[in-house]
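For reference, the chains in residue letters:
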Amino acid sequence: MTQIDKTITIENVDMLSLLGLNDINLKPIEDRFNTSVTIRGDLVYIKGVPEEVEAVEKVFKEMVYVLNTSGSLKLSDVETIVDLTQQGREIISEKEYDTIVLYTKSDVIKAKTPNQVKYFQAVKKSDICFAIGPAGTGKTYLAVAFAVAALKKGMVNKIVLARPAVEAGESLGFLPGDFKEKIDPYLRPLYDALDDMIPSDKLHNNIEKGIIEIVPLAYMRGRTLNNAFVILDEAQNATSMQMKMFLTRLGPNSRAIITGDITQIDLPYKTVSGLVQIQDILKGVEGVSFVYFDRIDVVRHRLVKDIINAYEKFHSESDKGEKEQS
């Protein structure tokens, strides 16, 4: 039977932990499959008949999954994975594996809903991706995960996360503290997401070194960002000019995700939201994707979805009443 060659890249793991001392974890693979396996750095070269190559690739993917989710990988774990694979069983399905965004210190972050899968695919293929939809749909959290994954893989050199500092019902001037203390509450959701994904000491070190920046949108003016993953969160509160300013900061090998909810605009009356306007301006532009979420994508507490539905019903009935009165 014809043999094939396949190369797979191992990401987000320590190769010594994966392969074991003296590559002991490769022994069950070598004993049970008629394939040739060669390791160079983070690349695995597999040669054999198609069915065997596919099975060995599956074994490596599940080894990575087990190592990342449990924190260790023993020879007995690999033997179990090989047994299950040869029986046509699996720890994690191919579909699930293909939606994993990032392994964290305590969890696996992956696309869970159909629109989150579209989001995942759009970010992979587009340099600029807009994620628009209601609260709780994972827009911001996944955006940060995409950025951290790109940083870990060496695809970018830094992450920049920005938010408009729009006063939603209270004035910054009346908040206690210096400017940083006043602005931090607006940026706190970004810090919280990063804290879930990066160990605290490493996160602090990356922020100190400027590898990760979390800044108000106004601080982006005049900059050019090369080799960076840039996120603009709460973009419905960016004006048209601010949106243009943000998008024109991108330099070579940079990528951007812009997230927002166009039903929660806090801009002054009659001020055009840049996120609303940009949908017409960049419609059909190659390299730019738009992904839309709705209430079925809500992944927070189950009541969040019910709250969103209740608000939509309330506003719908209010609008209907106003039309009848007019």
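Let us look at the structure shown here. (Residues numbered from 1 in each chain as written. Predicted model: local features only at pLDDT ≥ 70, side-chain atom pairs only at ≥ 80, totals over all residues. Heavy atoms only, no water.)

**Digging into unusual backbone geometry**
Filter applied, for reference: The numbering of helices and of strands both runs from the N terminus, where a helix is a DSSP run of H or I of at least 4 residues and a strand a run of E of at least 2. Exposure is judged per residue with a 1.4 Å probe applied to protein chains only, and the accessible area is read against the type maximum: over 50% gives exposed, under 20% gives buried, and values in between give partly exposed.
One non-glycine residue, Asn 22, lies in positive phi territory at about 55°. Within the secondary structure, Asn 22 sits in the loop between helix H1 (15-19) and helix H2 (27-32). Looking at Asn 22, the relative accessible area reads 74%, which means it is exposed. Even without being a glycine, Asn 227 presents a positive backbone phi close to 50°. The topology assignment puts Asn 227 in the loop between strand S8 (212-216) and strand S9 (228-232).

**A short note on the side chain of Lys 139**
This is how the line gets drawn: Positive charge is attributed to Lys and Arg, negative charge to Asp and Glu, and no charge count is given to His or to the chain ends. Think of a salt bridge as a Lys or Arg side-chain nitrogen and an Asp or Glu carboxyl oxygen that are within 4 Å of each other. The contact criterion used is simple: two residues touch if any of their non-hydrogen atoms lie within 4.5 Å.
Tracing the chain through its elements places Lys 139 in helix H7 (residues 139-152). Notably, Lys 139 is buried but unbridged: the nearest opposite-charge side chain belongs to Asp 261, and the N-O separation is 5.8 Å. Ignoring sequence-local partners within four residues, the contact set of Lys 139 consists of Tyr 119, Ala 131, Ile 132, Gly 133, Pro 134, Thr 259, Gly 260 and Phe 293.

**Concerning the sheet that holds S8**
Which entries qualify depends on this criterion: Each pair of strands is called paired provided DSSP finds at least two bridges between the two strands. Axis definition: a line fit to C-alpha positions, over the contact stretch in the case of helices; interaxial angles, taken between N-to-C directions, run 0 to 180 degrees.
Sheet architecture is open: six strands sit in the order S8-S7-S9-S10-S6-S11, paired in parallel fashion. Looking at the sheet topology across the chains shown, the edges are occupied by S8 and strand S11 (288-292). Averaged over neighbouring strand pairs, the angle between their axes works out to 15° when direction is ignored. As defined by bridge partners, strand S7 (residues 158-163) adjoins S8 across five bridges and the pair is classed as parallel. Within the sheet, the bridge partner assigned to Ile 159 lies in S8 and is Ile 212. Sheet contacts for helix H6 (residues 114-125): strand S6 (128-132), S9, strand S10 (255-260) and S11; angle to S11, the most-contacted strand, approximately 170°. The strands touched by helix H11 (residues 274-281) are S6, S10 and S11; relative to S6, the strand with the most contacts, the crossing angle is about 125°.

**Digging into the pairing of S10**
With six of six residues buried, S10 lies mostly within the body of the structure. The side-chain alternation of S10 yields two buried faces, one formed by Arg 255, Ile 257 and Thr 259 and the other by Ala 256, Ile 258 and Gly 260. Direction of pairing for S6 relative to S10: parallel, over a ladder of five bridges. The residue of S10 that forms the bridge with Ile 128 is Ala 256. One ladder, built from four bridges, connects S9 with S10; its direction is parallel. Residue pairing for S10: Phe 229 is matched across the bridge by Arg 255.

**Things to note about the sheet that holds strand S2 (residues 36-40)**
Strand order in the open sheet made by the three strands is S1-S3-S2, with antiparallel pairing throughout. The two strands at the open ends of the sheet, each matched to only one other strand, are strand S1 (4-9) and S2. When strand polarity is set aside, the average angle formed by the axes of neighbouring strands in this sheet is 20°. Pairing between S1 and strand S3 (residues 43-48): six bridges, direction antiparallel. Paired with Ile 8 across the strands is Val 44, a residue of S3. Against the sheet, helix H3 (residues 50-70) makes contact with S1, S2 and S3, and its axis sits at roughly 155° relative to S3, the strand it touches most.

**What to know about the environment of Val 230**
By the element assignment, Val 230 lies in strand S9. Taking the relative accessible area as the measure of exposure, Val 230 reaches 1% and is therefore buried. Once you skip the residues sitting within four places of it in the chain, Val 230 turns out to touch Val 160, Met 220, Leu 225, Phe 246, Leu 250, Arg 255, Ala 256 and Ile 257.

**Re the pattern of salt bridges**
Once their charged atoms are close, side chains differing in charge can pair, the charge on each being opposite to the other. Within this structure, the stated rule accounts for 13 salt bridges. Of the charged contacts in the structure, one is a salt bridge between Glu 11 and Lys 153, with a shortest N-O distance of 3.3 Å. Taken as a pair, Glu 11 in the loop between S1 and H1 and Lys 153 in the loop between H7 and S7 lie far apart in primary sequence, 142 residues in all. A residue is classified by how much of its surface remains accessible, and Lys 153, at 37% relative accessible area, is partly exposed.

**A look at the environment of Ile 159**
By the secondary structure assignment, Ile 159 is in strand S7. A residue is classified by how much of its surface remains accessible, and Ile 159, at 1% relative accessible area, is buried. With 68 residues separating them along the chain, Ile 159 and Asn 227 place their C-alpha atoms 9.0 Å apart. Excluding residues within four positions of it along the chain, Ile 159 makes contact with Ala 147, Val 148, Leu 151, Ile 211, Ile 212, Glu 213 and Phe 229.

**As for the packing of H3 against helix H4 (residues 75-86)**
Formally: Here roughly perpendicular refers to angles of 65 to 115 degrees, roughly parallel to angles under 35, roughly antiparallel to angles over 145, and oblique to all remaining angles. Crossings are assigned a handedness: left-handed for a near helix turned anticlockwise from the far helix by less than a right angle, right-handed for a clockwise turn. Ten residues, namely Ala, Val, Leu, Ile, Met, Phe, Trp, Tyr, Cys and Pro, are considered nonpolar, four, namely Asp, Glu, Lys and Arg, are considered charged, and the remaining ones, Gly among them, are considered polar.
In contact at an axis separation of 10 Å, H3 and H4 are set at 140° when each is read in the N-to-C sense. When the axes of H3 and H4 are compared, the pair comes out oblique. The crossing of H3 and H4 is right-handed. Here Ala 55, Lys 58, Val 59, Glu 62, Met 63 and Val 66 of H3 lie close against H4, whose contacting residues are Val 78, Ile 81, Val 82 and Thr 85. Across the contact of H3 with H4, the residue classes tally to seven nonpolar, one polar and two charged.

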